[in-house]
Amino acid sequence: MTNDDLDHAIRSAAGPVPHRAGQAHAQELLERIVRTDREPDAAPRARRRLVFAGAAAALTAAGAVVAGLVAGGPAYASWTPDPGPIPAAEARDIVSKCLPATEAGAARVVIGETRGDYAYLNAVSPEGSRTCFRDHNGKVSETSILTVLTGTEQLGTSGVELYAWPQLRTDEGYIRLMAGHLGSRITGVDITVRADDGSSSRTARATVENGYFAAWYPEGKDESSSNTTTLTLHLADGGTVKDLSASELYEHPKLD
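Below: a short report on this structure. Note that the coordinates shown come from a computational prediction; the quantities given were computed from them, not determined experimentally. (Residues numbered from 1 in each chain as written. Predicted model: local features only at pLDDT ≥ 70, side-chain atom pairs only at ≥ 80, totals over all residues. Heavy atoms only, no water.)

In this fold, Glu248 is placed in helix α6 (residues 246-251). Residue Glu248 is classed as exposed on the basis of its relative accessible area, which comes to 56%. In the structure, Glu248 is positioned 18 residues away from Thr230 in sequence and 9.5 Å away in space, judged by C-alpha atoms. (Helix = DSSP H or I, 4+ residues; strand = E, 2+ residues; numbered from the N terminus. Buried < 20%, exposed > 50% of the residue type's maximum accessible area, 1.4 Å probe, protein only.)

Strand order across the open sheet formed by four strands is β3-β4-β5-β6, with antiparallel pairing between neighbours. A strand with exactly one partner marks an edge of an open sheet, and here the two such strands are β3 (108-115) and β6 (140-145). Pairs of neighbouring strands in the sheet enclose a mean axial angle of 15 degrees, with direction left out of account. The sheet contact formed by strand β5 (residues 128-134) and β6 spans six bridges and is antiparallel. (Pairing = 2+ DSSP bridges. Axes fitted to C-alpha atoms, helices over the stretch in contact; angles between N-to-C directions.)

To continue, consider the sheet that holds strand β14 (residues 227-235). Judged by pairing direction, the sheet is antiparallel, and its four strands sit side by side in the order β11-β10-β14-β15 without closing on themselves. Since the sheet does not close on itself, it has two edges, and those belong to β11 (201-205) and β15 (240-245), each with one partner. Looking at each pair of strands side by side, their axes are set apart by 20 degrees on average, direction ignored. Bridge count for strand β10 (residues 186-195) against β11 is five bridges, and the pairing is antiparallel. Note on β11: the bridge partner recorded for Ile191 is Ala204.

Right, let's talk about the packing of aromatic side chains for a bit. Tallied over the entire structure, the rule returns seven aromatic pairs. Aromatic side chains Tyr118 and Phe133 sit 6.0 Å apart centroid to centroid with 15 degrees between the ring planes, which places their arrangement in the stacked category. Residue Tyr118 is found in strand β4 (residues 118-125), and its partner Phe133 is found in strand β5; the two are separated by 15 residues along the sequence. Each member of the pair, Tyr118 as well as Phe133, carries the same accessibility label: buried. When the centroid spacing of 5.2 Å and the interplanar angle of 65 degrees are considered together, the rings of Tyr118 and Trp216 count as edge-to-face. Pair noted here: Tyr118 is in strand β4 and Trp216 is in strand β13 (residues 212-219), with a separation of 98 residues, a long-range link. Accessibility assignment for this pair places Tyr118 and Trp216 in one class, buried. One aromatic cluster is present, formed by Tyr76, Trp79, Tyr118, Phe133 and Trp216 through successive ring pairs. A cation sits over an aromatic face here: Arg176 above Trp165, 5.8 Å from the ring centre. (Phe/Tyr/Trp six-rings, centres within 6.5 Å; stacked < 30°, edge-to-face > 60°. Lys NZ or Arg CZ within 6 Å of the ring centre and 35° of its normal.)

As structure tokens, this is what we get:
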């Protein structure tokens, strides 16, 4: 368990958040904390803001975001704002490297995507839920999700829940992962990152499938302090729900 997981677990177990966790779940989390050694963080997680790498980032003619420089060229150079599908065989391979062997066989991939040379998915097993990120060099990293998901009935037709929003450090720099649960009439999710001073704004399209959505973005380590992230929901009837704060959704889902 990382420090980020520990922090989120303590918040979920101890805080007055009845829609997130019940008494039994809180006790389970506390027992898990007690019996689990603390591990070094992969990267600090900024709970309030999600960003692209602002001044250090540039959108190339091919649509790639430059989040910093590494030996041999720009970081995350093949990243694209529009996602692609992840083949089933590739998803299973990532799951086998991301989850313990005792969980991988029973795990189910609820959402996954590719962007350039990278792949990202959310898998659930009887032991819990994990986000798994495969880097361009094949390295797979994971973060655990300790939140109790909001029921489909509560989300209704246009509700949305953002249940994962960690920052992850890779060999190329930092990225932000996003995963959530959607109401039955939501067909698309756009994620917009704006600099607080109005100097820049970028939008990425999330993968949406079977009532879930997912996306990931390059970002600078500390840039979440100077950016604001919002979601736009696209509905089956052509309507939209705009300017939903990601930080607020991460704390409390929007119910129908």
